[in-house]
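Descriptive analysis of the structure
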Amino acid sequence: MRTLASIQVVNTAEPIPNADAIERIRVLGWWIVVKKGEFSPGDKVVYCEIDSLLPERPEFEFLRASSFKPTVFGPDGAAQAPGFRIKTIRLRGQVSQGICFPLSILPAGAPADEGADVTDALGVRKWEPPVPAGMTGRVKGSFPGILPKTDETRVQVLEPTIAKHRGRTFYVTEKLDGSSFTAFVREGEFGVCSRNLLLDTADEGSLFMRVARRFGLEERLKAFAAARGFDVAVQGEVIGPGVQGNKYALPEIALRVFNVFDVSGYRFLDHADMLAAVAEMGLELVPQLGTLDLAHGVDELVALSEGMSVLNPKAHREGLVLRPLVEVRDDYLGRLSFKAINPKFLLKYDE
């Protein structure tokens, strides 16, 4: 599970122009607006990332005026209890991502060492946007263990990783704002998954099943697997009408692929092999934005994430995903792959 609340150290504190009562502090690779003098460099704090959902407890009640308390839905529409969602905000021109608390907020017995995960200790959960009824359809089971889930780590928590891989060449793709989709063939059986669940392929009313049928994914994947001699999965983003507000103004549903996975060997295909595989299957890729020799800090990568979508020049792109041209295993991340999210996207679309 993602670490949403952790013990971190304030790296620096800086004034905000034309702001007397607030300043910005840096925690990991994040900038957070706080009351002036509340924290100093070297202080330990409890840091909660954006998309944290803080429980309705007295110590968090001050958030009621600045946050919102909706009916919250979890992955694929599962109901959750309401709470206070931490979002990207802008104060006096400064983007603030996350919230910091003194260590006194911790319950008795909670760890206080730098880097300690206190997500469970504070009852913090991940906010998930509601999934429209009928999108995923009937559930068959949990996400299969034979496949990796589609999730990327934000660059702001990866400063040591970025430094470690400095000079490496990465390919860059546009991160699309849709619904995560996986289709696979395993030992002759075809399956479809949402981000977290295995779906019933007999459910003809499901949007995901309509996508699978429209693009002939069962036939395409089985033909590819037979030709290549290994079971295969494709992972991508479903975008278009009815999905995340259709920010790309598409006239019909589309599937854009970002991963091809060798299920038999439990490995992602390298970039060149992925491009060839997607072309062979007759599918479309997420927008490819070229390559980058990594010589950037976190703030520079976030700045690069800003821009308009290749699919719709009137819409802010959600961000960038960076992966090496040849797959690399990293001690911290596992697969070397990370994302830089466009703060202007988050602010515009209230995400």
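In case you missed it, the structure is sitting above this.
Here's a quick rundown of the structure. (Residues numbered from 1 in each chain as written. Predicted model: local features only at pLDDT ≥ 70, side-chain atom pairs only at ≥ 80, totals over all residues. Heavy atoms only, no water.)

Checked against the element boundaries, arginine 213 lands in helix H2 (residues 207–214). The exposure class of arginine 213 is partly exposed, given its relative accessible area of 44%. For the pair arginine 213 and alanine 112, spaced 101 residues apart in sequence, the C-alpha separation works out to 51 Å. Sequence-distant contacts of arginine 213, that is, excluding residues within four places in its chain, are made with Asp203 and Glu204. (Helix = DSSP H or I, 4+ residues; strand = E, 2+ residues; numbered from the N terminus. Buried < 20%, exposed > 50% of the residue type's maximum accessible area, 1.4 Å probe, protein only. Contact = heavy atoms within 4.5 Å.)

What follows covers the pairing of strand S17 (residues 189–193). Counting buried residues along S17, four of its five residues qualify, which places the element largely inside the surrounding structure. One ladder, built from five bridges, connects strand S16 (residues 179–186) with S17; its direction is antiparallel. Following the sheet pairing, arginine 186 is matched in S17 by glutamate 189. When S17 meets strand S18 (residues 197–199), the two strands line up antiparallel, connected through two bridges. Within the sheet, the bridge partner assigned to valine 192 lies in S18 and is leucine 199. The antiparallel hairpin formed by S17 and S18 contains three residues in its connecting segment. (Pairing = 2+ DSSP bridges.)

Take the pairing of strand S15 (residues 169–175) next. S15 sits mainly inside the fold: six of its seven residues count as buried. Pairing analysis gives four bridges linking S15 to strand S23 (residues 288–293), with the strands arranged antiparallel. Bridging from a neighbouring strand, phenylalanine 170 pairs with leucine 292 of S23. Across six bridges, the pairing between S15 and strand S24 (residues 319–324) is antiparallel. Opposite lysine 175, over in S24, you have glycine 319 as the bridge partner.

Here we take up the packing of aromatic side chains. Given two aromatic rings, one states the distance between the centres and the angle between the planes to describe the pair. Within the structure shown, the criterion is met by nine aromatic pairs. Each ring, one from phenylalanine 170 and one from phenylalanine 338, has its centre 5.7 Å from the other, and the planes form 65°; the classification is edge-to-face. Of this pair, phenylalanine 170 sits in strand S15 while phenylalanine 338 is found in strand S27 (residues 338–341), placing the two residues 168 residues apart along the sequence. Of the residues examined, phenylalanine 170 reaches a relative accessible area of 0% and is grouped as buried. For the cation-ring pair, lysine 247 lies above tyrosine 349, with the distance from its terminal atom to the ring centre recorded as 4.9 Å. Sitting over the face of the ring of phenylalanine 268, arginine 335 holds its NZ or CZ atom 3.5 Å from the ring centroid. (Phe/Tyr/Trp six-rings, centres within 6.5 Å; stacked < 30°, edge-to-face > 60°. Lys NZ or Arg CZ within 6 Å of the ring centre and 35° of its normal.)

Judged by pairing direction, the sheet is antiparallel, and its five strands sit side by side in the order S3-S2-S1-S4-S11 without closing on themselves. In this open sheet, the two edge strands, each paired with only one partner strand, are strand S3 (30–35) and strand S11 (99–101). Pairwise comparison of adjacent strand axes, ignoring direction, gives a mean angle of 50° for this sheet. Direction of pairing for strand S4 (residues 44–48) relative to S11: antiparallel, over a ladder of three bridges. Following the sheet pairing, cysteine 48 is matched in S11 by isoleucine 99. (Axes fitted to C-alpha atoms, helices over the stretch in contact; angles between N-to-C directions.)

Bringing the layout of surface pockets into the picture now. Estimated volume of the second largest pocket: approximately 600 Å³. In terms of lining, the second largest pocket is formed by 22 residues, of which the most central are Val33, Phe62, Leu63, Ile89 and Ile99. Elements represented by at least two residues in the lining of the second largest pocket include exactly S3, strand S9 (88–91) and S11. No other element matches the four residues that S3 contributes to the lining of the second largest pocket. Its residues assigned to classes, the lining of the second largest pocket comprises 14 nonpolar, four polar and four charged. (1 Å grid on protein atoms, 1.4 Å probe; cavity = no way out; pocket = protein on both sides within 12 Å on 5 of 7 lines; lining within 4 Å. Points joined across faces, edges and corners; volume = space filled by probe spheres on them. Nonpolar A, V, L, I, M, F, W, Y, C, P; charged D, E, K, R; others polar.)

Turning our eyes to something else, we now look at the pattern of salt bridges. Throughout the structure, instances matching the rule amount to 24 salt bridges. Residue glutamate 318 pairs with lysine 175 through a salt bridge whose shortest N-O separation is 3.2 Å. Here glutamate 318, found in the loop between helix H5 (298–305) and S24, pairs with lysine 175, found in strand S15; they are 143 residues apart in sequence, far enough to count as distant. Under the relative-accessibility criterion, lysine 175 is labelled buried at 17%. One salt bridge in this structure joins aspartate 177 and lysine 247, with 2.4 Å as the shortest N-O distance. In this pair, aspartate 177 is assigned in the loop between S15 and S16 and lysine 247 in the loop between strand S19 (232–239) and strand S20 (254–262), connecting sequence segments 70 residues apart. With a relative accessible area of 7%, aspartate 177 lands in the buried category. In this structure, a network of salt bridges that share partners links the residues Arg26, Glu159 and Asp299. (Salt bridge = Lys/Arg side-chain N within 4 Å of Asp/Glu carboxyl O.)

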